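Reading the structure
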Amino acid sequence: MDTILDLEMKVVDWAHRRNLVHPENVNSQMLKVMEEVGELASAIAKNKEEETIDAIGDVLITLIILSAQLELNPWDCLEAAYGEIKERKGKLVNGIFIKE
């Protein structure tokens, strides 16, 4: 089984071979991210587990490609975001975490 870093390298290689990894493609790639997030929302709303799994994977792939276009490491971005939330306090309201 591949590690997450192996998969990231495979996705970036795939994107390079298709000539997707260029800064001028960022806006188009962001639209692709949003399209995949919409498909994820639809799969969740319809309670379709297999489609949800596929959509989460597609969202991750599009974000990895976007990160490559922006010359950012997606795991550094994740680490920075986690650093922001790890001590966050708040409460759950209607299933949504509301920060203090």
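These notes cover the structure that comes with them. Not measured: the values here are computed from a predicted model. (Residues numbered from 1 in each chain as written. Predicted model: local features only at pLDDT ≥ 70, side-chain atom pairs only at ≥ 80, totals over all residues. Heavy atoms only, no water.)

Concerning the nonpolar core
- One finds Val11, Val12, Ala15, Val21, Ile64, Ile65 and Ala68 forming the largest nonpolar core, which totals 7 residues.
- Within the residue set of this core, elements represented by two or more residues are helix H1 (4-17) and helix H3 (49-69).
- Ignoring sequence-local partners within four residues, the contact set of Ile65 consists of Val11, Trp14, Ala15, Leu20 and Gln29. (Core = buried A, V, L, I, M, F, W, Y, C linked by side-chain atoms within 4.5 Å. Buried < 20%, exposed > 50% of the residue type's maximum accessible area, 1.4 Å probe, protein only. Helix = DSSP H or I, 4+ residues; strand = E, 2+ residues; numbered from the N terminus. Contact = heavy atoms within 4.5 Å.)

Remarks on unusual backbone geometry
- With phi around 55 degrees, Asn47 is a residue other than glycine that occupies positive phi space.
- Tracing the sequence through the fold places Asn47 in the loop between helix H2 (26-45) and H3.
- Look at Asn47 and you get exposed, because its relative accessible area is 71%.
- One non-glycine residue, Glu71, lies in positive phi territory at about 55 degrees.
- Within the secondary structure, Glu71 sits in the loop between H3 and helix H4 (74-85).

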